[in-house]
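# Examining the three-dimensional arrangement
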Amino acid sequence: MAGIRLFNVHYVWEDCVSMVLGALIVLTSWTVGDVGSQTVAINAVIVGILVLALGAAEFVDLHRWEEGLETACGLWLIASPFIFGYADAGTLRYWHFVLGAAVVLLAVLELRQDWKLSNAELARHSTR
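Anyway, here's the lowdown on the structure attached to this text. Numbering of residues starts from 1 in every chain and runs along the sequence as written. Predicted model: local features are reported for residues with pLDDT of at least 70 only, side-chain atom pairs are reported and counted for 80 or more only, and whole-chain, interface and lining totals are derived from all residues. Excluded from the side-chain calculation are hydrogens and water; included are all heavy atoms of the structure.

With that settled, consider the overall build of the protein chain. Along its length, the protein chain carries 6 helices and 0 strands. Ordering the α and β elements of the protein chain from the N terminus gives α-α-α-α-α-α. Three labels apply to residues, based on accessible area from a 1.4 Å probe with only protein chains included: buried if under 20% of the type maximum, exposed if over 50%, partly exposed otherwise in between. Scored against the burial criterion, the 128 residues of the protein chain give a buried share of 38%. When contacts within the protein chain are restricted to residue pairs at least 6 apart in sequence, long-range pairs at least 24 apart make up 70% of them. Elements are defined by DSSP. Helices are runs of H or I of four residues or more, strands are runs of E of two residues or more, and each kind is numbered from the N terminus. For this analysis, residues touch if any pair of their heavy atoms sits within 4.5 Å.

We now examine the nonpolar core. Put simply, a nonpolar core is a bunch of buried Ala, Val, Leu, Ile, Met, Phe, Trp, Tyr and Cys residues held in one set by side-chain atoms that sit within 4.5 Å of each other. Grouped together as the largest cluster of nonpolar side chains are 11 residues: L21, I25, V47, V51, L54, C73, L77, L99, V103, L106 and L109. Secondary-structure elements contributing two or more residues to this core are α2 (12-32), α3 (38-60), α4 (64-83) and α5 (92-114). Per-element tally for this core: the top contributor is α5, with 4 residues.

The next subject is the packing of aromatic side chains. Side-chain rings of Phe, Tyr and Trp (the six-membered ring for Trp) are treated as a pair once their centres are within 6.5 Å; stacked means planes under 30 degrees apart, edge-to-face means over 60, and tilted covers the remaining angles. If you walk through the whole model with that rule in mind, you get 1 aromatic pair. For the ring pair W76 and F84, a centre distance of 6.1 Å and an interplane angle of 85 degrees mean the geometry is edge-to-face.

So, on to α3. Multiply 1.5 Å by the residue count of a helix minus one, and that product is the helix's expected span. Taking 1.5 Å of rise per residue, the 23 residues of α3 would be expected to cover 33 Å, and the 33 Å separating its terminal C-alpha atoms lies within 8% of that figure. Listing the buried residues of α3 in full gives V40, A41, N43, A44, V47, G48, V51, L54, G55 and E58. Where the residues of α3 are buried, they touch α2, α4 and α5.

Spelled out as structure tokens, the structure:
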């Protein structure tokens, strides 16, 4: 039964993982090295900073809209190779797809955990 509880309560480690994913997204442009254009690198930095900031915001004060924005960031990162035209070459596309999918999965899990909580319960959770 302990395994079931793991997916029903919003834990602090989830917010920390969100922040780590955001940092990894920012770093992919420099670590992978096959960035085709400056626009791709700037996109990765912006999305990474947003995911990092949203993870930190969840850590401090929990709101449902934060998970919604994280989901949107993850979906944008998944779509970025097709939008910016680097879907057919390089390993950066794989990194962005995997990291985007991880952000979406984590955000959906957190949203599911917080969906039925009242505003008072969300506020109580934020004071951990």
